[in-house]
Amino acid sequence: ESYAISVQNFRDQLGFYYNTTVVDNIITTNVPAIFIDKTKGNGYYSPEPIDIEDNTVTYTGAVEYTIDDDHYFLFFNDDGTPTDLLNPEGNYTLYIDTLNGKNIKIPTGNNIYITAKEGAGIINNGSITIGNDVDEMKSIFIDGLTFNNFNKNGITVLQNVKDSSIAQNTFNLTYDDSIEW
């Protein structure tokens, strides 16, 4: 993964960082801005001298991706979780073409827009899940999609998702409780 600043100078033998200061930077990026590795092999956390303050981070225009059956696996694993291509911090737009039997799970991030590609936006027997019940997410927008599902939810929003909107979607859902899954 790429970062504007990556601090990894933890000294295992001494148990702390060398004095490190990340201050007053102007960062323009479409990837995570600052990465701080505060652990060593045994998971020990070091609060030793490292100062991060007054940095200005501007994310460039959101990255845009078109998702269809042919390109789904570039962005999502079989279970619907994102691949490394999607920034876990968000700041992207997903244009949905047509998806058949595919799920989309967005566990983390902010400023994520999921919408229909012009003339499409159809999800057949698939779903979108936002959140992971732990991390806070903000500014998630889902609109203009059509869900054609059998015994399956269309959109699930988990806890800690805030300031978000689900609008102007069409749901054609059929449920048959006589079928055991």
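What counts as what
- Residues numbered from 1 in each chain as written.
- Predicted model: local features only at pLDDT ≥ 70, side-chain atom pairs only at ≥ 80, totals over all residues.
- Heavy atoms only, no water.
- Pairing = 2+ DSSP bridges.
- Helix = DSSP H or I, 4+ residues; strand = E, 2+ residues; numbered from the N terminus.
- Axes fitted to C-alpha atoms, helices over the stretch in contact; angles between N-to-C directions.
- Salt bridge = Lys/Arg side-chain N within 4 Å of Asp/Glu carboxyl O.
- Buried < 20%, exposed > 50% of the residue type's maximum accessible area, 1.4 Å probe, protein only.
- Phe/Tyr/Trp six-rings, centres within 6.5 Å; stacked < 30°, edge-to-face > 60°.
- Lys NZ or Arg CZ within 6 Å of the ring centre and 35° of its normal.
- Core = buried A, V, L, I, M, F, W, Y, C linked by side-chain atoms within 4.5 Å.
- Contact = heavy atoms within 4.5 Å.

Q: Would you mind going over the sheet that holds strand β22 (residues 170–174) with me for this structure?
A: Within a sheet, adjacent strands bond to each other through the backbone by hydrogen bonds, running parallel or antiparallel. With respect to topology, four strands assemble into an open sheet ordered β11-β14-β18-β22, the strand pairing being parallel. What marks the edges here is a single partner per strand, and that holds for β11 (98–100) and β22. Neighbour-to-neighbour, the strand axes of the sheet open up by a mean angle of 5 degrees, direction not taken into account.

Q: Would you explain the pattern of salt bridges in this entry?
A: Oppositely charged side chains can pair when the atoms bearing their charge come close. For the structure on display, the rule yields four salt bridges. Across the salt bridge formed by Lys102 and Asp69, the nearest N and O atoms sit 3.4 Å from each other. Here Lys102 is found in the loop between β11 and β12 (103–106), whereas its partner Asp69 is found in the loop between β9 (63–67) and α1 (72–75), with 33 residues between them in sequence. A salt bridge links Glu136 to Lys162; the nearest nitrogen and oxygen atoms lie 3.1 Å apart. Here Glu136 is found in the loop between β15 (127–130) and β16 (137–138), whereas its partner Lys162 is found in strand β20 (residues 161–162), with 26 residues between them in sequence. Its relative accessible area of 40% is what places Glu136 among the partly exposed residues. Note on Lys162: relative accessible area 39%, which makes it partly exposed. Beyond isolated ion pairs, a larger network of salt bridges with shared partners links Glu136, Lys138 and Lys162.

Q: Would you explain the pairing of strand β10 (residues 90–96) in this entry?
A: In regular strands, side chains alternate between the two faces of the sheet. In terms of burial, β10 is largely enclosed, as six of its seven residues are buried. Both β10 and strand β13 (residues 110–116) contribute to a ladder of six bridges, which runs parallel. Of the residues in β13, the one forming a bridge with Thr93 is Tyr113.

Q: How should the packing of aromatic side chains be read in this particular structure?
A: Where two aromatic rings form a pair, the distance of their centres and the angle of their planes describe that pair. Tallying each qualifying case throughout the model produces five aromatic pairs. Look at Tyr72 and Phe73: their rings are 4.9 Å apart centre to centre, the planes differ by 90 degrees, and that puts the pair in the edge-to-face class. The exposure class of Tyr72 is buried, given its relative accessible area of 1%. Taking 5.1 Å as the distance between ring centres and 5 degrees as the angle between the ring planes, the aromatic pair formed by Phe147 and Phe171 counts as stacked. Highlighted residues: Phe147 in strand β18 (residues 146–150) and Phe171 in strand β22, separated in sequence by 24 residues. Taking the relative accessible area as the measure of exposure, Phe147 reaches 0% and is therefore buried. Phe171 sits in the partly exposed class, given a relative accessible area of 40%. Put simply, the rings of Tyr65, Phe75 and Tyr92 pair up and form one aromatic cluster. Over the ring of Tyr72 we find Lys102, and its NZ or CZ is 5.7 Å from the ring centre.

Q: Would you mind showing me how to read the nonpolar core here?
A: In this structure, Leu94, Ile106, Ile114 and Ile128 are the most contacted members of the largest nonpolar core, which totals 26 residues. If you list the elements that add at least two residues to this core, you get β9, α1, β10, β12, β13, β15 and β17 (140–143). Leaving out residues up to four positions away in the same chain, Leu94 has contacts with Tyr65, Ile67, Phe76, Leu86, Ile106, Tyr113, Ile114 and Thr115.

Q: What is the right way to read the environment of Asp84 from this model?
A: Position of Asp84 relative to the elements: it lies in the loop between α1 and β10. Given a relative accessible area of 78%, Asp84 falls into the exposed group. Linking Asp84 and Leu74, residues 10 residues apart in sequence, is a C-alpha distance of 9.0 Å.

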